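Fold and geometry: a report
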Amino acid sequence: MLSRNRPLDYLEELQTSEPDLASDIAELASWYQRKLWHQLTMKLESCFNSAGFNKGCLPVDLFQSFISDFAHKINLLKLAHFAVHASKYCSSPTSSIELLNATKVKLEEMKVAHRAAEPTLFLNMHIAQYNIETGDLPEAKALVEAGKETLERLSDVDPSVSAAVHFVASLYYKGISNYSEFYRSTLMYLSFVSSDSLPEDFKIRMAVDVSLAALLGEGIYSFGQLLQHPLAAALDNGPHKWLHDMLKVFNEGNLHEYDQLCSRHAAQLNAQPALVAHERRLREKITLMSVVEMVLSLPAEERRISFAEMGSRTKLDTDGVEFLLMKALSLHLVEGSVDQVEGIVHVSWVQPRILTKPQIHGVKDRLDSWISKVASAAVTLENESGGVVAV
């Protein structure tokens, strides 16, 4: 075990035990002796990003025997980042939580609450992550809920802190099979990180998980945001391309293609227990999506749809169409009135959604048509008013 004496004594012993790192350690000692805390912080970041310093318990020892000595001198969020990095090299999740809690205590002792809010939140989220790993979901839930509330109160939050809150929230919701919240938290997390910075295997796992959550989540009837994200493209280069195709089919509300996909990829679908268990929910969701897409494809002045047309699109009889419309209205996917006598629905509003490029092209075509009609009406009015004599 390395000595726990003064920081410079520790670095001297570390130079002896890790001769390959001697030049880096000497630079750490130099910045420390000269009290150039910013340069020292930058050097520590560089060290923690190198393989030589990330082995065994070295990150833990470096944090506890060196960094902790001048914790109050450096940026506190950087301190929290160093603590989280070191915690990954502890012998157990329990030890990791102890290290992070000790860092929180150090922040409290500094009595700088205005500067410690973000670092403490960052530490709490990683404590919650270790709680999830050990199965302590109640404790994780308390930290996640408190963390989300804290995040809402803060302003100008560092992206790493926001990302940590949403990522750990997504892990918690995944643990309790709350598909909708997992989906929303994951998309929020992705808004604070670059998908290019994510390891490829991690990216693919996340793409699979969030795609399944989109399909299964209650209240999720728009897939444009996910389909437009680079993460979805990660599904194309491997055995999960069927899942990307499924998302596209749901977004288009294409029941006929959905049935073909289910037949073509029966083995992959049956390998997903959640999809099998919620087969009826999936069918209902894509049928509702077909209604939404049908309405969106029509010009606003032509959204008077017969039950027969809707039945052809949704593969339902008249009674089924009526029930579907009641469901769509109750979920506020559309607004309008149903004329059961004539068998017609008048749609006055459809829920806004994020459009994919093909859908945007469809909107452009409808706008071009509308502009043409307006221009034609203007010419007609001009011709008709030609014979009017000013009085």
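Small disclaimer: the values here were computed from a predicted structure and weren't measured. Note that residues are indexed from 1 along each chain, following the sequence as it is written. Only residues with pLDDT of 70 or above have their local features reported here, since the model is predicted, and side-chain atom pairs are shown and tallied only from 80 upward, although totals for entire chains, interfaces and linings are computed over all residues. Side-chain metrics in this entry use all non-hydrogen atoms of the structure; hydrogen atoms and water are not considered.

**What to know about the packing of aromatic side chains**
- To pair, rings of Phe, Tyr and Trp, with the six-membered ring standing in for Trp, must have centres within 6.5 Å; the planes then decide the type, stacked if under 30 degrees apart, edge-to-face if over 60, and tilted in the middle. This model, assessed by the stated rule, comprises eleven aromatic pairs.
- Site record: aromatic cluster; members linked through ring pairs are Tyr-32, Trp-37, Phe-66 and Phe-70.

**Here we look at the UniProt feature "domain: PCI" (unreviewed entry) in the protein chain**
- Sequence positions flagged by UniProt for "domain: PCI" (unreviewed entry) are, in local numbering, residues 181-352.
- Counting from the N terminus, the helices are DSSP H or I runs at least four residues long and the strands are E runs at least two residues long. Helix and strand shares over residues 181-352 are 62% and 9% respectively, and the end C-alpha atoms of the span are 20 Å apart. UniProt positions are given in the numbering used here, feature names are shortened, and annotations may be inferred rather than shown by experiment.

**Notes on the layout of surface pockets**
- The pocket and cavity definitions rest on a 1 Å grid over protein atoms only: a 1.4 Å probe that fits but cannot leave marks a cavity, an open set with protein on both sides within 12 Å along at least five of seven lines marks a pocket, and residues lining either have an atom within 4 Å of a point. Grid points are joined across faces, edges and corners, and a volume is the space filled by probe spheres set on the points. Quantified by volume, the largest pocket comes out at close to 790 Å³.
- Looking at the largest pocket, it is lined by 27 residues, and the ones nearest its centre are His-81, Val-84, Lys-88, Phe-122 and His-126.
- Elements represented by at least two residues in the lining of the largest pocket include exactly helix H3 (37-48), helix H5 (76-87), helix H7 (113-134) and helix H9 (159-175).
- When residues of the lining of the largest pocket are assigned to their parent elements, the largest contribution, six residues, is made by H9.
- Each residue gets one of three labels, nonpolar for Ala, Val, Leu, Ile, Met, Phe, Trp, Tyr, Cys and Pro, charged for Asp, Glu, Lys and Arg, and polar for the others, Gly among them. Among the residues making up the lining of the largest pocket, the classes are represented as 16 nonpolar, seven polar and four charged.

**What to know about the side chain of Ser-87**
- Inspection of the secondary structure assignment puts Ser-87 in helix H5.
- Under the rule applied, a polar contact is a pair of N or O atoms within 3.5 Å (in protein, one hydrogen donor and one hydrogen acceptor; residues adjacent in sequence only if both atoms are side-chain atoms). Within the structure, the side chain of Ser-87 is placed 2.8 Å from the side chain of Tyr-130, a separation counted as a polar contact.
- Leaving out residues up to four positions away in the same chain, Ser-87 has contacts with Ser-96, Leu-99, Leu-100 and Tyr-130. In what follows, residue pairs with any heavy atoms lying within 4.5 Å of each other are defined as contacts.

**So, the sheet that holds strand E1 (residues 304-306)**
- When DSSP locates at least two bridges between a pair of strands, those strands are taken to pair. The strand order across the open sheet built from three strands is E1-E3-E2, with neighbouring strands paired in antiparallel fashion. The open sheet has two edge strands, E1 and strand E2 (334-339), and neither has a second partner. With strand direction ignored, the average angle separating the axes of adjacent strands in the sheet is 30 degrees.
- Only the stretch in contact is used when a helix axis is fitted, and all axes are lines through C-alpha atoms; the angle between N-to-C directions ranges over 0 to 180 degrees. In this fold helix H19 (residues 307-314) packs onto E1, E2 and strand E3 (344-350), with an angle of close to 70 degrees to the strand it touches most, E1.
- Where helix H20 (residues 318-330) meets the sheet, its contacts fall on E2 and E3, and the angle it forms with E2 comes to roughly 145 degrees.

**Regarding the pairing of E2**
- Taken together, the six bridges between E2 and E3 define a ladder with antiparallel strand orientation. Across the sheet, Val-334 pairs through a bridge with Val-350, a residue of E3.
- Linking two consecutive strands that pair antiparallel, namely E2 and E3, is a turn of four residues; a positive phi of about 70 degrees is found at Gly-343 within it.

**Observations concerning the packing of H5 against helix H6 (residues 93-110)**
- Look at H5 against H6: their axes get within 9 Å of each other, and the N-to-C directions meet at 165 degrees. Relative to H6, the element H5 lies roughly antiparallel. The hand of the H5/H6 crossing is right-handed. Residues Leu-76, Leu-79, Ala-83, Val-84, Ala-86 and Ser-87 of H5 lie in contact with H6, whose contacting residues are Ser-96, Leu-99, Leu-100, Thr-103, Leu-107 and Met-110.
- Of the residues assigned to the contact of H5 with H6, the class counts are nine nonpolar, three polar and no charged. Note that the term roughly parallel is reserved for angles under 35 degrees, roughly antiparallel for angles over 145, roughly perpendicular for angles of 65 to 115, and oblique for everything else. Each crossing is labelled by how the near helix is turned from the far one, with a counterclockwise turn of less than a right angle marking it left-handed and a clockwise turn marking it right-handed.

**Some thoughts on H6**
- Here the expected length of a helix is defined as 1.5 Å per residue gap, with one fewer gap than residues. Over its 18 residues, H6 runs 26 Å from end to end, which matches the ideal 26 Å to within 8%, given 1.5 Å per residue.
- Within H6, the full set of buried residues consists of Ser-96, Ile-97, Leu-99, Leu-100, Thr-103, Lys-104, Leu-107 and Met-110. Buried positions in H6, seen along its axis, are confined to an arc of 160 degrees and lie on one side of it. Residues Glu-98, Glu-108 and Glu-109 are exposed on H6 and point more than 90 degrees away from its buried face.
- Contacts made by the buried residues of H6 are with helix H4 (58-65), H5 and H7.
- Lys-111 occupies a position one or two residues after H6 and carries a positive phi of about 55 degrees. Burial classes: relative accessible area under 20% of the type maximum marks a residue as buried, over 50% as exposed, and values in between as partly exposed (1.4 Å probe, protein chains only). The arc under discussion is defined with respect to the helix axis, by the directions toward the C-beta atoms.

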